[in-house]
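Chains, contacts and geometry: an overview
One letter stands for each residue in the lines below.
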Amino acid sequence: AGRVVVPAGARVTLPCVAQGHPPPHYTWYKGSRALGGSSGMWMVGGSLVLGRVGVDDSAQYTCVANNTAGETRYSAHLLVTLPISVQVTPREVQVDAGGRLELRCHVSGEPVDTVTWYKDGTVLRSGGRVTIRPRETLHVSPIHASDAGIYQCAATYAQDYAHAHAYVTLGAAAPQLVYRFIEQTLQPGPAVSLKCIATGTPTPHITWLLDGFSLPPSHRYVKGQYVSAHGEVISHVNISTVHVTDGGTYACTAENSAGSVVHSARLNVYGPP
């Protein structure tokens, strides 16, 4: 059996030439169904001509040539292809941290060999927070801040390739502390720096407390806060010369419209009462 691959809309001739005496009679079958004088197809000698093929014409075609002495067969598998096109919905979506993302890849065309999802150019596979089932539907849950980016769906058949993008942005995300100061124990005298780093959307603000109260006004306390190029809020409290009275529980609170997070640890300063 041969294989004939043609684009939709083409004219196709499936040849069937047999020698014999008396001259053979030709019958063509599509699958198991004998073809009569259907519109759009005709016979030239023993060959079958399909005037303008569509996807529905994809099938196994068999020519049977027979005479009183016997018969012979020729089979061809016809595959009619439609150019692949791809669309992803929604095209743009904003999701909140902790929420759920669903993207659908609408593939048209015949046939389709592979459908692949990418995130920022890297292949995505099912596992962990990512589920791809069926292959056209992508789920990510729960959403992390790192899930924002460009998602792409690509479909292929042989040399035919099509793809489409979706843009995913992060809505609100409660603050997270990505760096926290640790408990320290020291003698009076040296300088100390306490630091907290937070992420979140919108950009969080960090406040400091000592034993539940605002930091005491003192020229020895220097507070600073800035936002890095990566959107992290970096806040620190520097104490130039530690006194016994600086001991206690320090707390940093990062807060935005989506929530807040607190970290606290003790600063123990030994010295005469």
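Residues numbered from 1 in each chain as written. Predicted model: local features only at pLDDT ≥ 70, side-chain atom pairs only at ≥ 80, totals over all residues. Heavy atoms only, no water.

Pairing between sheet strands relies on hydrogen bonds along the backbone, with the strands arranged either parallel or antiparallel. Taken together, 5 strands build an open sheet; the order of strands is β18-β25-β24-β20-β21 and the sheet is mixed. The sheet is open, and its two borders are formed by β18 (184-186) and β21 (213-214), each paired with just one other strand. As paired strands, strand β20 (residues 205-210) and strand β24 (residues 248-256) are joined by 6 bridges and run antiparallel to one another. The residue of β24 that forms the bridge with T207 is T253. (Pairing = 2+ DSSP bridges. Helix = DSSP H or I, 4+ residues; strand = E, 2+ residues; numbered from the N terminus.)

Counting residues in hydrophobic clusters, the biggest one holds 27 residues, and the most contacted among them are V86, L101, L103, W117 and L138. Secondary structure elements with two or more residues in this core: β8 (70-89), β9 (92-95), β10 (101-110), β11 (114-119), β13 (130-132), β14 (137-140), β15 (149-157) and β16 (160-170). With 5 residues, the top contributor of residues to this core is β16. Here V86 is in contact with C105, H106, V107, C153, A155, A162, H163 and A164, once residues within four sequence places are set aside. With 22 residues, the next largest nonpolar core counts F181, Y221, A265 and V269 among its residues. (Core = buried A, V, L, I, M, F, W, Y, C linked by side-chain atoms within 4.5 Å. Buried < 20%, exposed > 50% of the residue type's maximum accessible area, 1.4 Å probe, protein only. Contact = heavy atoms within 4.5 Å.)

Attention now goes to the packing of aromatic side chains. One pass over the full model with this rule turns up 1 aromatic pair. A cation sits over an aromatic face here: K195 above Y179, 5.3 Å from the ring centre. (Phe/Tyr/Trp six-rings, centres within 6.5 Å; stacked < 30°, edge-to-face > 60°. Lys NZ or Arg CZ within 6 Å of the ring centre and 35° of its normal.)

The next point concerns the layout of surface pockets. Approximately 220 Å³ is the volume found for the largest pocket. If you list the elements that add at least two residues to the lining of the largest pocket, you get β17 (173-179) and β19 (192-201). Looking at the lining of the largest pocket, its residues break down into 6 nonpolar, 8 polar and no charged. (1 Å grid on protein atoms, 1.4 Å probe; cavity = no way out; pocket = protein on both sides within 12 Å on 5 of 7 lines; lining within 4 Å. Points joined across faces, edges and corners; volume = space filled by probe spheres on them. Nonpolar A, V, L, I, M, F, W, Y, C, P; charged D, E, K, R; others polar.)

Here we come to the pairing of β16. Bridge analysis of β9 against β16 gives 4 bridges, and the strand direction is parallel. By the bridge assignment for β16, V93 is matched with V168. Taken together, the 9 bridges between β15 and β16 define a ladder with antiparallel strand orientation. Bridged to Y157 within β16 is D160. Between β15 and β16, which pair antiparallel in sequence order, lie 2 residues; one of them, A158, sits at a positive phi of approximately 50°.

Right, let's talk about the pattern of salt bridges for a bit. Within the structure shown, the criterion is met by 7 salt bridges. Between K119 and D120 there is a salt bridge, with its nearest N and O atoms 2.7 Å apart. (Salt bridge = Lys/Arg side-chain N within 4 Å of Asp/Glu carboxyl O.)

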